[in-house]
Amino acid sequence: GNILPLVYNRFGDYRAAGIFYLSGLSALILGSNQFAVRLPIALFGAATVAAIYLIAIELFQNKRIALFSAAALAILPWHIVLSRATSEGIVGFFFVCFGLGLFLRGVRIHSIRMVWVGALSLSVSYLFYHSFRLLVPISLIPLLWKPVISKQMKKTINIAILSFIALSIIMSFTYAG
């Protein structure tokens, strides 16, 4: 009787349901087999390397550092293992990295649209792993003190951060929080 739940309660663990929807969609397209279940997570794991590059290039403005960051993630054993083992944390990590990279780029180039697309990606991460509900607001808070931002951009950043904080607080008071 619960249509499209945000959490899946199997043994009182209240797992975020995003991984189930992603695996279900893949199984619908590719058939019900191990390949169909593991492929999307492996693809998101590989795409996270590019997302880390995006974050590093935005933070350091140096291609060498960005390439080193991406290469380090690409050969990191835990990332490889979790990307192959159908871990929902990898998909959530991609959305956090991609969203944070877009958010930072939007702030740098003064693109409110890119900031909101980044915020959308960050909010999708909430569907995959519970710890991102704390990580996302904390990682955005330092942007409140970023100098040389237009009033409109400052307002957009404030609204996004307050929305994430409010969403995290609301979700923490639910039965699955």
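Given the structure is predicted, the values throughout are model-derived calculations rather than measurements.

The rules behind the values
Residues numbered from 1 in each chain as written. Predicted model: local features only at pLDDT ≥ 70, side-chain atom pairs only at ≥ 80, totals over all residues. Heavy atoms only, no water. Salt bridge = Lys/Arg side-chain N within 4 Å of Asp/Glu carboxyl O. Helix = DSSP H or I, 4+ residues; strand = E, 2+ residues; numbered from the N terminus. Buried < 20%, exposed > 50% of the residue type's maximum accessible area, 1.4 Å probe, protein only.

Colleague: Can you walk me through the pattern of salt bridges in this structure?
Modeller: Note on pairing: side chains with opposite charge can pair once their charged atoms come close. Under the defined criterion, the tally for this structure stands at 2 salt bridges. A salt bridge links Glu58 to Arg105, with the nearest nitrogen and oxygen atoms 2.5 Å apart. Here Glu58, found in helix H2 (residues 34–60), pairs with Arg105, found in helix H5 (residues 88–109); they are 47 residues apart in sequence, far enough to count as distant. On the accessibility criterion, Glu58 (9% relative accessible area) is buried. By relative accessible area, which is 28% here, Arg105 ends up partly exposed. With a closest N to O distance of 2.7 Å, Glu58 and Arg108 form a salt bridge. In this pair, Glu58 is assigned in helix H2 and Arg108 in helix H5, connecting sequence segments 50 residues apart. Under the relative-accessibility criterion, Arg108 is labelled partly exposed at 39%. In this structure, a network of salt bridges that share partners links the residues Glu58, Arg105 and Arg108.

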